[in-house]
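Letter by letter, the chains look like this.
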Amino acid sequence: MIVCICNNVNSQTIKEKLNEGVTTIQGIRSETGATGCCGKCQFKVNALIQDHIPALNSSKRVAQGS
Ligand code: FES
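All of these numbers come straight from a predicted model, not from anything done at the bench. (Residues numbered from 1 in each chain as written. Predicted model: local features only at pLDDT ≥ 70, side-chain atom pairs only at ≥ 80, totals over all residues. Heavy atoms only, no water.)

**Thoughts on the overall build of the chain**
Thought 1: What the chain contains, in helices and strands, is three helices and two strands.
Thought 2: Secondary structure elements of the chain occur, N-terminal to C-terminal, as β-β-α-α-α.
Thought 3: Here the chain holds 66 residues, and 29% of them are scored as buried.
Thought 4: Residue pairs in contact within the chain that sit at least 24 positions apart in sequence constitute 45% of those at least 6 positions apart.
Thought 5: Surface summary for the chain: the accessible area is close to 4,300 Å², and the carbon and sulfur share equals 50%. (Helix = DSSP H or I, 4+ residues; strand = E, 2+ residues; numbered from the N terminus. Buried < 20%, exposed > 50% of the residue type's maximum accessible area, 1.4 Å probe, protein only. Contact = heavy atoms within 4.5 Å. Areas by Shrake-Rupley, 256 points an atom, 1.4 Å probe, with all protein chains shown as cover.)

Below you can see the structure in the form of C-alpha cells.
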C-alpha cells in the first residue's frame, strides 16, 4: 500500500526501515523521502512506527533475557 504519494513510498519500504532500526519520522524521511513534501502522510508513517513499537519492546526483552 502506498503511504506517501508525493514520494511513491509504500508501507513495505517503511516496515523494512523500521526493522533496520529507523524508528523516527525524521529517520524515515531521510531514508525514504516519505513526509518530505506535503506532509499529509505523516500520520500514516507515525501509525506504522507506533505499530512497530511493541515488536521493538518485545525484542529488547528477549535481548535482556526477561
Ligand atoms: S504524501 Fe507524503 S509528503 Fe506528501
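**Description of unusual backbone geometry**
Thought 1: Positive phi values are uncommon outside glycine, yet N8 reaches one of about 50 degrees.
Thought 2: In the Ramachandran plot, T35 falls in the positive-phi region, its phi being about 75 degrees despite a non-glycine side chain.
Thought 3: Structurally, T35 can be placed in the loop between helix 2 (25-32) and helix 3 (42-64).
Thought 4: On the accessibility criterion, T35 (7% relative accessible area) is buried.

**Quick notes on helix 1 (residues 11-19)**
In an α-helix there are 3.6 residues to a turn, and that puts residues three or four apart on one side.
Thought 1: Three or more residues of helix 1 are buried, namely S11, I14, K17 and L18. Angular distribution of buried residues about the axis of helix 1 spans 120 degrees; they occupy a single face of the element.
Thought 2: Here helix 1 starts with a cap whose side-chain oxygen sits 3.2 Å from the backbone nitrogen of Q12, and that cap is N10.
Thought 3: A positive phi of about 100 degrees marks G21, the residue just after helix 1. (Arc of directions from axis to C-beta. Polar contact = N/O pair within 3.5 Å; in protein donor to acceptor, adjacent residues only side chain to side chain.)

**Topic: the side chain of T32**
Thought 1: If you trace the backbone, T32 turns up in helix 2.
Thought 2: Given a relative accessible area of 17%, T32 falls into the buried group.
Thought 3: Separated by 2.7 Å, the side chain of T32 and the backbone oxygen of I28 make a polar contact.
Thought 4: Here the side chain of T32 touches A34 through a polar contact of 3.1 Å, landing on its backbone nitrogen.

All quantities given are derived from atomic positions and should not be read as evidence of function.
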